[in-house]
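# Breakdown of the fold
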Amino acid sequence: NAGVMQNPRHLVRRRGQEARLRCSPMKGHSHVYWYRQLPEEGLKFMVYLQKENIIDESGMPKERFSAEFPKEGPSILRIQQVVRGDSAAYFCASSPYEAAERGEQYFGPGTRLTVT
Amino acid sequence: DAKTTQPPSMDCAEGRAANLPCNHSTISGNEYVYWYRQIHSQGPQYIIHGLKNNETNEMASLIITEDRKSSTLILPHATLRDTAVYYCIVRVARNDYKLSFGAGTTVTVRA
């Protein structure tokens, strides 16, 4: 059973470009979470999605950031017009329905975004 | 709003038990204690969680004090691969799906 997959693992973007980060949850997992880890800081929750629904986006910056988890395909975290402050590691986690309430989340290896 | 307090770092000898403390003096009756760890450059890994009773799984044991104001994560036989940042998190199991990671404890296992 493959774990949570994220791609790309490393992404370099110039200021003003768009960044698209993909997350394929574990098989059978219907809940996806995105977290951001800025350099030398802890992980911060961004958004929680179920298939086709955003459940909690309280940690998402109000502008330039969006997330989706379509019926088919991976979850996408999209950052428009990136700035240097967006440089960070972005982690995706997933859980099946029954584990979501228990707090068990299974994390992917992360995408390291560098904005030049 | 830090709900947990952990020492910033600790060392442990390989093969010995590692005891990681966590204070959560403001924990509510319906909040669980979770432990995750993050090995360098990897995603966090779930270890264990509990409410009142002590818990044990293949990775670790969790000891929660009777007043629930503190807990200890025990790695019974630490290996070099256990070197990581360990996070103690409290949250309500229902209705609050996000995990709030603090600074954690950097555990270094030495040969």
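Note: the structure precedes this text.
The paragraphs below set out a description of the structure included in this document. If you're wondering where the values come from, they're calculated on a predicted model, not measured in any experiment.

Right, let's get into the pattern of salt bridges. Residue and element names in this part refer to chain A. Counted according to the given criterion, the structure contains 7 salt bridges over all chains. Between Asp86 and Arg64 there is a salt bridge, with the nearest N and O atoms lying 2.7 Å from each other. In this pair, Asp86 sits in the loop between β8 (75–79) and β9 (88–95) while Arg64 sits in the loop between β6 (53–56) and β7 (65–68), placing the two residues 22 residues apart along the sequence.

All chains considered together, the criterion is met by 2 disulfides over all chains. Sulfur-sulfur distance for the disulfide between Cys23(A) and Cys92(A) comes to 1.7 Å. Taking the sign of the S-S torsion, -50° for the link of Cys23(A) and Cys92(A), the bridge is left-handed. Residue Cys23(A) is located in strand β3 (residues 19–24), and its partner Cys92(A) is located in strand β9; the two are separated by 69 residues in the primary sequence. The side chain of Cys22(B) participates in a disulfide bridge whose partner is Cys88(B); the two sulfur atoms lie 2.1 Å from each other. With the S-S bond torsion at -85°, the cross-link from Cys22(B) to Cys88(B) turns out left-handed. Note that Cys22(B) is positioned in strand β2 (residues 18–23) and Cys88(B) in strand β8 (residues 84–92), a separation of 66 residues in sequence. For the pair Cys22(B) and Cys88(B), one class covers both residues: buried.

A few words now on the layout of surface pockets. Taken as a whole, the largest pocket spans an internal volume of roughly 520 Å³. Looking at the largest pocket, it is lined by 21 residues, and the ones nearest its centre are Gln37(A), Glu41(A), Gln38(B), His40(B) and Val85(B). If you list the elements that add at least two residues to the lining of the largest pocket, you get β9 of chain A together with β8 of chain B. No other element matches β8(B), which puts 3 residues into the lining of the largest pocket.

Attention now moves to the sheet that holds strand β4 (residues 45–50) of chain B. Residue and element names in this part refer to chain B. Read across the open sheet, the 5 strands follow the order β1-β9-β8-β3-β4; overall the sheet is mixed. The open sheet has two free edges, formed respectively by β1 (9–13) and β4, since each of these has just one partner strand. Within this sheet the neighbouring strands show an average axis-to-axis angle of 25°, counted without direction. Across 5 bridges, β1 lies against strand β9 (residues 105–110) in parallel orientation. What sits directly across from Ala13, in β9, is Arg110.

Moving on, we come to the nonpolar core. Residues Trp34(A), Met46(A), Leu77(A) and Tyr90(A) are the most contacted members of the largest nonpolar core, which totals 23 residues. Put simply, the parts of the chain that give this core at least two residues each are β3, β4 (31–37), β5 (43–50), β7, β8, β9 and β11 (111–115) of chain A. Sequence-distant contacts of Leu77(A), that is, excluding residues within four places in its chain, are made with Ala19(A), Arg20(A), Leu21(A), Trp34(A), Met46(A), Met60(A), Ser66(A), Ala67(A) and Tyr90(A). Core analysis: the second largest hydrophobic core is formed by 22 residues, Ile47(B), Leu75(B), Ala78(B) and Ala84(B) among them.

In this section: the environment of Leu73(B). Residue and element names in this part refer to chain B. Relative to the helices and strands, Leu73 is located in strand β7 (residues 70–75). Among the residues examined, Leu73 registers a relative accessible area of 0% and is labelled buried. C-alpha of Leu73 to C-alpha of His49: the two residues are 24 residues apart in sequence and 9.8 Å apart in space. Discounting residues that sit within four places of it in the chain, Leu73 has contacts with Ala18, Asn19, Leu20, Trp35, Ile47, Ile48, Ala60, Ser61 and Tyr86.

Below, the discussion takes up the interface of chain A and chain B. Chain A puts 21 residues into the contact, and the matching count from chain B is 18 residues. Carbon and sulfur atoms supply 52% of the area buried between chain A and chain B, which totals about 1600 Å² over both sides. Along the contact surface separating chain A from chain B lie 1 salt bridge. Linking Lys98(B) and Asp56(A) is a salt bridge whose minimum nitrogen-to-oxygen distance equals 3.2 Å. Counting every contact that joins chain A to chain B gives 5 residue pairs in polar contact (both at pLDDT 80 or more). Of all elements in the fold, only β4 and β5 of chain A reach the threshold of two or more residues within the side of chain A that touches chain B. It is β5(A) that provides the largest number of residues to the side of chain A that touches chain B, a total of 4 residues. Grouping the amino acids of the side of chain A that touches chain B by side-chain chemistry returns 9 nonpolar, 6 polar and 6 charged.

Scoring rules and cut-offs
- Residues numbered from 1 in each chain as written.
- Chains lettered and ligands numbered in written order.
- Predicted model: local features only at pLDDT ≥ 70, side-chain atom pairs only at ≥ 80, totals over all residues.
- Heavy atoms only, no water.
- Salt bridge = Lys/Arg side-chain N within 4 Å of Asp/Glu carboxyl O.
- Helix = DSSP H or I, 4+ residues; strand = E, 2+ residues; numbered from the N terminus.
- Disulfide = S-S within 2.5 Å.
- Buried < 20%, exposed > 50% of the residue type's maximum accessible area, 1.4 Å probe, protein only.
- 1 Å grid on protein atoms, 1.4 Å probe; cavity = no way out; pocket = protein on both sides within 12 Å on 5 of 7 lines; lining within 4 Å.
- Points joined across faces, edges and corners; volume = space filled by probe spheres on them.
- Pairing = 2+ DSSP bridges.
- Axes fitted to C-alpha atoms, helices over the stretch in contact; angles between N-to-C directions.
- Core = buried A, V, L, I, M, F, W, Y, C linked by side-chain atoms within 4.5 Å.
- Contact = heavy atoms within 4.5 Å.
- Buried area = accessible area lost by both parts, 1.4 Å probe.
- Polar contact = N/O pair within 3.5 Å; in protein donor to acceptor, adjacent residues only side chain to side chain.
- Nonpolar A, V, L, I, M, F, W, Y, C, P; charged D, E, K, R; others polar.

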